[in-house]
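The chain contents come next:
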Amino acid sequence: MADEIKTIAVLTSGGDAPGMNAAIRAVARTAIFRGLKVKGIKKGYNGLLNEDIIDMEPRHVSDIIQRGGTVLGTARCMEFTKLEYQQKGADICRKHGIDGIVVIGGDGSYRGAQALARLGINTVGVPGTIDLDIACTEYTIGFDTAVNTAMQAIDKVKDTSSSHERCSIIEVMGRHAGYIALWCGIANGAEDILLPEEYKYDEQEIINHIIESRKKGKTHHLIINAEGIGHSTSMARRIEAATGIETRATILGYMQRGGNPTAMDRYYASIMGAYAVDIMLQGKSNRVVGYRHGEFSDFDIEEALQMQKGIDAYQYEIAKVLTI
């Protein structure tokens, strides 16, 4: 199979994540160094279906490693969940001489890669998501930047919350995964951390905690709320009504997806991008790159999608211990 691969393409799909550009750069430069032709597919699977495909040379990926977002653009493509469009995508790959595609994104992106692999296009996925919710890997590109961006913003809100003796609810991203919330909750010294994996939807417990803390002389109260729980604004109104303490909600939103990637995101993205090219040249397809136990490795996409990932019980316990 490796002898058949002469041209590979790279695309970014789903939500953008800081470090995606480092991965694109690594894919392109590694492939070119190995003697392959490289094409970039713009706007994910939507760009594939629309044949928005460009040739890539080393100069196309110069000076992008420090940039947030993705130079190839990204989009969600519901059409690609249907077999007829998956077949169209495979046919377009063959039309453009594309033997394999490196897909940078999350679990939804891997389902598209899996479909292309079944239709004869070599595919390798690279985990690019700020949510850290890909079970086969301990690290996903963009998480470190996102959690540091959120941490810095929360520090600023905490300063003004302390000045006004408020309760602050700060909502961070993460869909159905609470990793950003957990990390920020510990790193920012939050009094309460609400995770979709653990939250029992008992607001009275939070209210009691706020009242008890105020009785002990604490002049502010910080609650980190995961996006998967949401409703931060209405929660703030209910807490203020119940406690009499001024309560404000701040939703950090898409700022967590942007900004210059950290050294960690640039490093992991670079190694993962290069690794994806090299395992494809070894004859592997329908794989996802991962990082576990200090080593880079790869997993079958189906196996990766079946894996479950929860919040580490000890880490969550310690998060609560540190609020006393």
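Each value, and the rule that gives it
- Residues numbered from 1 in each chain as written.
- Predicted model: local features only at pLDDT ≥ 70, side-chain atom pairs only at ≥ 80, totals over all residues.
- Heavy atoms only, no water.
- Helix = DSSP H or I, 4+ residues; strand = E, 2+ residues; numbered from the N terminus.
- Rg over C-alpha atoms; globule rule 2.2 N^0.38 Å.
- Buried < 20%, exposed > 50% of the residue type's maximum accessible area, 1.4 Å probe, protein only.
- Contact = heavy atoms within 4.5 Å.
- Areas by Shrake-Rupley, 256 points an atom, 1.4 Å probe, with all protein chains shown as cover.
- Lys, Arg positive; Asp, Glu negative; His and termini not counted.
- Charge placed at Lys NZ, Arg CZ, Asp CG, Glu CD.
- Patch = residues over 30% accessible without salt bridge, like charges linked within 9 Å, V, L, I, M, F, W, Y side chains within 5 Å.
- Salt bridge = Lys/Arg side-chain N within 4 Å of Asp/Glu carboxyl O.
- Pairing = 2+ DSSP bridges.
- Axes fitted to C-alpha atoms, helices over the stretch in contact; angles between N-to-C directions.
- Phe/Tyr/Trp six-rings, centres within 6.5 Å; stacked < 30°, edge-to-face > 60°.
- Lys NZ or Arg CZ within 6 Å of the ring centre and 35° of its normal.
- Polar contact = N/O pair within 3.5 Å; in protein donor to acceptor, adjacent residues only side chain to side chain.
- 1 Å grid on protein atoms, 1.4 Å probe; cavity = no way out; pocket = protein on both sides within 12 Å on 5 of 7 lines; lining within 4 Å.
- Points joined across faces, edges and corners; volume = space filled by probe spheres on them.
- Nonpolar A, V, L, I, M, F, W, Y, C, P; charged D, E, K, R; others polar.

Novice: Before we go on, may I ask you to explain the overall build of the protein chain in this structure?
Specialist: Within the protein chain, the regular secondary structure consists of 11 helices and 11 strands. The C-alpha radius of gyration of the protein chain comes to 22 Å, within 12% of the 20 Å expected for a compact globule of 324 residues. Reported as C-alpha extents along the three principal axes, the dimensions of the protein chain are approximately 70 × 35 × 35 Å. Within the protein chain, the proportion of its 324 residues that are buried is 53%. Counting only contacts in the protein chain whose residues sit at least 6 apart along the sequence, the fraction spanning at least 24 positions is 73%. As presented, the protein chain carries roughly 14400 Å² of accessible surface, and 49% of it is formed by carbon and sulfur atoms. Across the protein chain, the mean location of the 36 positive side-chain charges is 4 Å away from that of the 41 negative side-chain charges.

Novice: For this particular structure, what's the right way to read a nonpolar patch on the surface?
Specialist: A cluster of nonpolar side chains, contributed by Ile186, Val321 and Leu322, occupies part of the molecular surface with about 260 Å² of accessible area. You can see Leu322 is positioned in the segment after α11 (313-321). Look at Leu322 and you get exposed, because its relative accessible area is 57%.

Novice: I tried to follow the sheet that holds strand β1 (residues 7-12) on my own but got confused; where do I start?
Specialist: Working definition: the strands of a sheet are paired by backbone hydrogen bonds and lie parallel or antiparallel to each other. Judged by pairing direction, the sheet is mixed, and its 7 strands sit side by side in the order β3-β2-β1-β4-β5-β10-β11 without closing on themselves. Each edge of the sheet is formed by a strand with only one pairing partner; in this case those strands are β3 (53-56) and β11 (295-300). When strand polarity is set aside, the average angle formed by the axes of neighbouring strands in this sheet is 30 degrees. Inspection of the sheet shows strand β4 (residues 100-105) paired to strand β5 (residues 122-127) by 6 bridges, in the parallel sense. Across the sheet, Gly105 pairs through a bridge with Pro127, a residue of β5.

Novice: Honestly, the pattern of salt bridges in this entry has me stumped. Any pointers?
Specialist: Pairing is possible between side chains of opposite charge, provided their charged atoms come close. For the structure shown, the criterion picks out 14 salt bridges. For Glu51, the salt bridge goes to Lys95, with nearest N and O atoms at 2.9 Å. A residue pair is termed long-range when its members are at least 10 positions apart, and Glu51 in the loop between α2 (44-49) and β3 and Lys95 in helix α3 (residues 83-95) qualify at 44 residues. Since its relative accessible area comes to 59%, Lys95 is described here as exposed. The shortest N-O distance in the salt bridge between Arg248 and Glu240 comes to 3.4 Å. Accessibility expressed as a relative area gives 31% for Glu240, which makes it partly exposed. In the salt-bridge network here, residues are joined through shared partners; they are Arg166, Glu240, Glu246 and Arg248.

Novice: Any chance you could explain the packing of aromatic side chains here in plain terms?
Specialist: Where two aromatic rings form a pair, the distance of their centres and the angle of their planes describe that pair. Considering all chains together, one arrives at 8 aromatic pairs under this definition. Here Tyr199 and Tyr201 contribute two aromatic rings whose centre-to-centre distance is 4.6 Å and whose plane-to-plane angle is 50 degrees, an arrangement assigned as tilted. Judged by its relative accessible area of 13%, Tyr199 falls in the buried class. Their ring planes at 80 degrees and their centres at 5.8 Å tell us that Tyr267 and Tyr268 sit as a pair that is edge-to-face. Its relative accessible area of 52% is what places Tyr267 among the exposed residues. The exposure class assigned to Tyr268 is buried, which follows from its relative accessible area of 14%. Connected via pairs of aromatic rings, a cluster forms that spans Tyr139, Tyr267, Tyr268, Tyr291 and Phe296. Above the ring of Tyr179, the side-chain terminus of Lys309 is found at 5.0 Å from the ring centroid.

Novice: Would you mind going over the side chain of Thr30 with me for this structure?
Specialist: By the secondary structure assignment, Thr30 is in helix α1 (residues 20-33). Reaching out from Thr30, the side chain makes a polar contact with the backbone oxygen of Ala26 at a distance of 2.7 Å. Excluding its chain neighbours within four sequence positions, the residues that come into contact with Thr30 are Ala274, Val277 and Asp278.

Novice: Could you clarify how one ought to interpret the layout of surface pockets in this entry?
Specialist: The probe, sized like a water molecule, is rolled over the atoms to show the empty space still left. One number sums up the size of the largest pocket: a volume of about 620 Å³. Taken together, 31 residues make up the lining of the largest pocket; nearest its centre are Ser13, Gly14, Arg76, Gly108 and Ser109. Examining the composition of the lining of the largest pocket, we find that 8 residues originate from one element, helix α4 (residues 107-118), more than from any other. By residue class, the composition of the lining of the largest pocket is 8 nonpolar, 14 polar and 9 charged.

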